[in-house]
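# Chain and residue survey
Below, each chain spelled out in residue letters.
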Amino acid sequence: MVISEKTVAMGKQSVKDIAATDLNAKRVLVRVDFNVPMEAGVITDDVRIRAALPTIRYLIEKNSIVILCSHFGRPKGQVKDEFRLQPIAKRLQELLGQPVSMLEDCIGQDVETAVHAAKPKSVLLLENLRFYKEEEDNNEVFARKLAALADVYVNDAFGTAHRAHASTEGVAHFLPAYAGLLIEKELAFLGQAIHQPQRPFVCIIGGAKVSTKMSVLKNLLGKVDTLIIGGGMAYTFFKAQGLQIGKSLCEDNFIEAANLFLNLAKSSKTKVMFPVDCVVADAFDQDAHTRLVTIDQIPSDWQALDCGPETIALIKAEIAGARTVLWNGPLGVFEMDRFATGTNEVAKALAHSQAVTIVGGGDSAAAIEKAGLVDKITHVSTGGGASLEFLEGQELPGIAVLKDKTPTPV
Ligand code: AMP
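All of these numbers come straight from a predicted model, not from anything done at the bench.

## Remarks on the overall build of the protein chain
Tallying secondary structure elements over the protein chain gives 14 helices and 17 strands in all. For the protein chain, whose C-alpha radius of gyration is 23 Å, the value lies close to the compact-globule estimate of 22 Å for 410 residues. For the protein chain, the spread of C-alpha atoms along the three principal axes comes to 70 × 55 × 35 Å. For the protein chain, the accessible area works out to roughly 17,900 Å², and carbon and sulfur atoms hold 50% of it.

What follows is the structure, encoded as structure tokens:
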């Protein structure tokens, strides 16, 4: 189901809550997430740049001076040419249809001179924040230098909102701080799903590692009506229950945690479901021999790399009866076509569903994109780690620090 973000509420003030006079001819520092995939200086996917356009355009329309800042890659506090933002400035310029001034640094006298000379409606891009070690250290002096460039701060980098860095958290202590339109949208959809979902609320969690998702699973118990645990991480739970899983993925040091979770699940009102059948292979290889077996029939030398048709049918039935579906993590090794059926079928079922559908996490978002189904999903989250931490019930430091919405008097 596709719905407008206007129909869902949030608790933080956004750029739209800033009075026009506080934006008119004012310098606005916008933290964006331009950490795009790049090969030999060529951007291979500009989705993150496009995701920042609504906020940038809104500020241009309000006659602001837009000062963009972002990290890119892991230069580890050193200036490295391969991590310069010039190719990103070029792409942004094409997308915006207006010039973007690429500055040679992100702080310092030259940057201050350039931002003070800039005219309303102009767009400037500061150089990679991570050329300074102080960025990731959330160094106060560095954050104050960033803050000195502007009158207002806007965070629109959902993908890094779970990190307390100088440009995502520190700077917000020294300027009036608001959410950008992308963060507003992310909070609206993820927040609504977790706190006020339309029920039945079905959550599908897949992927490789139980270790990274155990807190999410625990937080979802009691909140969702059905929790489907799939992908490679399901096999740690099967082993915990005494099943033979052959060479399937397993985190042995999480078996105890898996058992504890299964016990918690028994007393919870959430229905917890696992795959009932799977595609096993005799090697982790696209050309491996494969077989379809039930979960209790995995041969000792084989590994489960996708869920089977019965499991897919069960998941589809849950999706068909749901009014909210949240999906994070692939249901098989979707990078190899032969083991992508479970993931692709779930993607299609979500696209055809009348429910509010939310997809989070890089891999599931990539599967949706690859299948050309993005427009059929209510919300595809741009933040993998951030959306997971949000679902864990954690407060994201880059969001906690933004201005709260004033409660409506009753
Ligand atoms: P995560 O980063 O934990 O969300 O895991 C994503 C990865 O899980 C993808 O690269 C998938 O190939 C992998 N994955 C999903 N199902 C399986 C499986 N049954 N066996 C091995 N890897 C899997």
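Once you've had a look at it, read on.
## Here's the deal with the sheet that holds strand β8 (residues 177-179)
Spatially, β5-β6-β4-β1-β7-β8 is the arrangement adopted by the six strands of the open sheet, whose pairing is parallel. The sheet terminates laterally at β5 (100-102) and β8, the two strands that pair on one side only. Each neighbouring strand pair of the sheet contributes to a mean axis angle of 25°, computed without reference to strand direction. As judged from the five bridges shared by strand β1 (residues 27-31) and strand β4 (residues 65-69), these two strands associate in the parallel manner.

## Concerning the domain arrangement of the protein chain
Many structure descriptions define interface size as the accessible area lost when the parts assemble. The domain boundaries assigned to the protein chain delineate domain 1 (5-182) and domain 2 (189-392). The distance between the C-alpha centroids of domain 1 and domain 2 comes to 35 Å. Taken together, the contact pairs 11 residues of domain 1 with 11 residues of domain 2. For the domain 1 and domain 2 pair, buried surface summed over both sides reaches about 880 Å², with 66% attributable to carbon and sulfur atoms. Seen at the junction of domain 1 and domain 2, the total is zero residue pairs in polar contact (both at pLDDT 80 or more). The greatest single-element share of the side of domain 1 that touches domain 2, amounting to three residues, is contributed by helix α1 (residues 47-61).

## Brief notes about empty space enclosed by the protein
Evaluated as defined, the whole model comprises two cavities of 30 Å³ or more. Taken together, Val 32, Asp 33, Arg 48, Ala 51, Ala 52, Asp 156, Gly 159, Leu 182 and Thr 382 form the lining of the largest cavity. A class-by-class count of the residues in the lining of the largest cavity yields four nonpolar, two polar and three charged. Put simply, the second largest cavity is a space of about 30 Å³. Ile 228, Met 273, Phe 274, Pro 275, Thr 311, Leu 314 and Ile 315 together form the lining of the second largest cavity. Examining the composition of the lining of the second largest cavity, we find that three residues originate from one element, helix α10 (residues 309-320), more than from any other. Per-class residue counts for the lining of the second largest cavity are six nonpolar, one polar and no charged.

## Points about the pattern of salt bridges
Under the criterion given, the structure shown has 20 salt bridges. For Lys 12, the salt bridge goes to Asp 404, with nearest N and O atoms at 2.7 Å. Remark: Asp 404 occurs in the segment after α14 (397-400) and Lys 12 occurs in the segment before β1; sequence separation between them is 392 residues. With a relative accessible area of 51%, Asp 404 lands in the exposed category. Notably, a salt bridge pairs Asp 137 with Lys 133, separated by 2.7 Å at the nearest N-O pair. Of the residues examined, Asp 137 reaches a relative accessible area of 47% and is grouped as partly exposed.

## Some points on the pairing of strand β14 (residues 303-307)
By the criterion of burial, β14 is predominantly enclosed, with five of the five residues buried. Inspection of the sheet shows strand β12 (residues 277-281) paired to β14 by four bridges, in the antiparallel sense. Opposite Cys 278, over in β14, you have Cys 307 as the bridge partner.

## Thoughts on the packing of aromatic side chains
Scanning all chains against the criterion turns up six aromatic pairs. Relative to Phe 261, the ring of Phe 237 lies with its centre 5.6 Å away and its plane at 70°, an arrangement referred to as edge-to-face. Here Phe 237 is found in helix α8 (residues 234-240), whereas its partner Phe 261 is found in helix α9 (residues 255-266), with 24 residues between them in sequence. One aromatic cluster is present, formed by Tyr 235, Phe 237, Phe 238, Phe 261 and Phe 274 through successive ring pairs. The ring of Trp 302 is capped by Arg 291, whose NZ or CZ atom sits 4.4 Å from the centre of that ring.

Cut-offs applied
Residues numbered from 1 in each chain as written. Predicted model: local features only at pLDDT ≥ 70, side-chain atom pairs only at ≥ 80, totals over all residues. Heavy atoms only, no water. Helix = DSSP H or I, 4+ residues; strand = E, 2+ residues; numbered from the N terminus. Rg over C-alpha atoms; globule rule 2.2 N^0.38 Å. Areas by Shrake-Rupley, 256 points an atom, 1.4 Å probe, with all protein chains shown as cover. Pairing = 2+ DSSP bridges. Axes fitted to C-alpha atoms, helices over the stretch in contact; angles between N-to-C directions. Domains from an automatic or database assignment. Contact = heavy atoms within 4.5 Å. Buried area = accessible area lost by both parts, 1.4 Å probe. Polar contact = N/O pair within 3.5 Å; in protein donor to acceptor, adjacent residues only side chain to side chain. 1 Å grid on protein atoms, 1.4 Å probe; cavity = no way out; pocket = protein on both sides within 12 Å on 5 of 7 lines; lining within 4 Å. Points joined across faces, edges and corners; volume = space filled by probe spheres on them. Nonpolar A, V, L, I, M, F, W, Y, C, P; charged D, E, K, R; others polar. Salt bridge = Lys/Arg side-chain N within 4 Å of Asp/Glu carboxyl O. Buried < 20%, exposed > 50% of the residue type's maximum accessible area, 1.4 Å probe, protein only. Phe/Tyr/Trp six-rings, centres within 6.5 Å; stacked < 30°, edge-to-face > 60°. Lys NZ or Arg CZ within 6 Å of the ring centre and 35° of its normal.

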